[in-house]
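# Tertiary structure, described
The lines below spell out each chain.
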Amino acid sequence: MYSNLFLNKETPLLAVDIGSQSITIAQLNFIENVCELVGVGVMPLPKGSVVDGLVENPDEVSDIIKKIIKSEKFKSRYVVSSIPGDHGVIRKLILSARNKEELLEELLHEVEHEIPFDIEDVRYDYQVVEQVENLPESQWGGGTSKEKNFEIIVAAVQHEIIDNRFDTLVEAGLTPVVFDLETFASIRSLEFTKGLPSIEPCALFNLNEPYSHVSIVSNGHLVFDKQNPVSGHCSTNWKQNISRGFFKKANKVEEYFNSKFSSGFQAEEKMDTEMSLIGVEPEMDSVEKIIDEGSEAIENFSSSTNGKVRRIFIHGVGALVYGMRTLLRERFKIPVEIINPFSSIKVDPRRFHLEKLNDLGPQFAMVMGLAARRFDCK
């Protein structure tokens, strides 16, 4: 979902994930086929700052965003930001049209019937995933009278959610240009998994707070049963201790300055390099809920496609809970892998605490998937 700006896919975007307990900001730099970490930082939010996906205290939230940007020295002000997965509606449509104009007219008509909100209350975006019959580019412009079928993925979000986050980001001095559903950012994080066959059906567990999501993915795309995604989500409560964390190493001048003068700084301005997002213990009710959701999604996929989920990938704070990988492997009897985006992203060990990043990699998989989003004008 885009704002109408003259940008292109080369424009560097700052990924801002506004969660219920913390804010994470990250940026990647792309040089040919290599993506490199520009920076990443996270800070906790005061309780009640974000409730049910809405920013209730925009001043506090924007101030924290500014602190992370200042500490990480981010230069870009163009933002790709997340929308909680439970606040978006995703549908698959098969539409017939002779040209692009007809397709857009038919799309608007169908969206009005498919989403559970008034069309005037939402923003929606779409992607033509597959052309069911091959259509030459010359005919796509309108030179044929024969209808063709197109598979289209539509995502819709209510104005209230987008406007709420848009205003908060603007208050922080940023320019939001893309809003991406967490579901798609989560799927994009699979790109950081080495050796993943692109067509292999897999289950993706986003073990996050306050909601965890399960999605079935095949050939890099969300799998649908008719119009609806083969997925599930549930409320969860992964017990964790969130403290501010920054991963850039200070240079020698900064280290000297900090050791010499940091005692005079106000406590909230100090940069704490220690970070603890690792779950203290599993919240068993949350574990049981996500296992039930995963079982249902996998069974629905098997019954509707006669296919078989070959692997499970997990990320989010719940993936850091000791024994989670083993528990899921034993329950589903298929391989389970933890997504660590920093195993594929180029990270300069002279600039970043690489060990800390690797330890917390699963926690940052979704925001790195968000940071991998490019602005492509349509």
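What this report covers is the structure whose coordinates are included nearby. (Residues numbered from 1 in each chain as written. Predicted model: local features only at pLDDT ≥ 70, side-chain atom pairs only at ≥ 80, totals over all residues. Heavy atoms only, no water.)

### Description of the pairing of strand β16 (residues 231-235)
Keep this limit in mind: Here's how the labels work: a residue is buried when its accessible area is under 20% of the maximum for its type, exposed when over 50%, partly exposed in between, all with a 1.4 Å probe on protein chains only. Comment: elements are numbered from the N terminus, with helices defined as DSSP H or I runs of at least four residues and strands as E runs of at least two. Paired strands, as defined in this entry, are two strands with at least two bridges between them according to DSSP.
The alternating pattern of β16 places Gly232 and Cys234 on a buried face and Ser231, His233 and Ser235 on a face that is not buried. Note: strand β12 (residues 211-218) against β16, 5 bridges, orientation antiparallel. Bridging from a neighbouring strand, Val214 pairs with Gly232 of β16.

### Examining the nonpolar core
Definition in use: In plain words, nonpolar cores are sets of buried Ala, Val, Leu, Ile, Met, Phe, Trp, Tyr and Cys residues tied together by side-chain atoms within 4.5 Å. Two residues form a contact once any of their heavy atoms are found within 4.5 Å.
Of all hydrophobic cores here, the largest spans 39 residues; its most connected members are Val16, Ile23, Ile25, Ile65 and Leu174. Of all the elements, helix α1 (residues 58-72) adds the most residues to this core, at 5 residues. Beyond its immediate stretch of four places on either side in the chain, Ile25 contacts Leu14, Ala15, Val16, Gly39, Val40, Gly41, Ile65, Ile68, Ile69 and Phe74. Ala15, Phe352, Leu357 and Leu360 belong to the second largest nonpolar core, which has 28 residues in total.

### Some remarks on the packing of aromatic side chains
Describing an aromatic ring pair means giving the distance of the ring centres and the angle of the ring planes. Stated formally: Two rings belonging to Phe, Tyr or Trp (six-membered ring only in the last case) form a pair when the distance between their centres is within 6.5 Å. Interplanar angles under 30 degrees mark stacking, angles over 60 mark edge-to-face geometry, and anything in between is tilted. By definition, being over a ring means that NZ of Lys or CZ of Arg is both within 6 Å of the ring centre and within 35 degrees of the ring normal.
A complete count under the given rule lists 3 aromatic pairs for this structure. Geometrically, the ring pair formed by Phe342 and Phe364 is edge-to-face, given 6.4 Å between the ring centres and 65° between the ring planes. One end of the pair, Phe342, is in the loop between β19 (336-338) and α9 (354-359); the other, Phe364, is in the loop between α9 and α10 (365-371), with 22 residues separating them in the sequence. Owing to a relative accessible area of 5%, Phe342 belongs among the buried residues under this scheme. Given a relative accessible area of 0%, Phe364 falls into the buried group. These aromatic residues form a ring-pair network of at least three members: Phe247, Phe342 and Phe364. Positioned above the aromatic ring of Phe332 is the side chain of Arg331, whose terminal nitrogen or guanidinium carbon lies 5.0 Å from the ring centre.

### Details of the pattern of salt bridges
Spelled out, the test is: The term salt bridge refers to a side-chain nitrogen of Lys or Arg lying within 4 Å of a carboxyl oxygen of Asp or Glu.
Overall, the coordinates contain 9 salt bridges when judged by the stated rule. Measuring nitrogen to oxygen at the nearest pair gives 3.5 Å for the salt bridge that ties Arg373 to Asp180. With Arg373 in the segment after α10 and Asp180 in strand β10 (residues 175-181), this pair connects stretches of sequence that are 193 residues apart. For the pair shown, Arg373 and Asp180 are each scored as buried. Each of the salt bridges in this network shares a partner with another, and the network as a whole consists of Asp180, Arg188 and Arg373.

### Here we look at the side chain of Ser186
Mapping Ser186 onto the fold places it in helix α5 (residues 182-188). Of the residues examined, Ser186 reaches a relative accessible area of 4% and is grouped as buried. Apart from residues no more than four positions distant in its own chain, Ser186 is found in contact with Leu204, Asn206, His315 and Met366.

### Description of a negative patch on the surface
The condition that has to hold: Patch membership is restricted to residues that have no salt bridge and whose relative accessible area is over 30%. Joining uses 9 Å for like charges and 5 Å for the nonpolar side chains Val, Leu, Ile, Met, Phe, Trp and Tyr. Per-residue and other accessible areas were derived by the Shrake-Rupley procedure at a 1.4 Å probe size, with only the shown protein chains allowed to occlude residues. Under the convention used here, Asp and Glu are negative, Lys and Arg are positive, and both His and the chain ends fall outside the count. Taken as the charge location is NZ of Lys, CZ of Arg, CG of Asp or CD of Glu.
The grouping of Asp59, Glu60, Asp63, Asp167 and Glu171 at the surface amounts to a negative patch. Every element with two or more residues in the negative patch is listed here: α1 and α4 (159-171). No other element matches α1, which puts 3 residues into the negative patch. With respect to the secondary-structure elements, Glu60 resides in helix α1.

Geometric descriptors of this kind do not, in isolation, establish any biological role.
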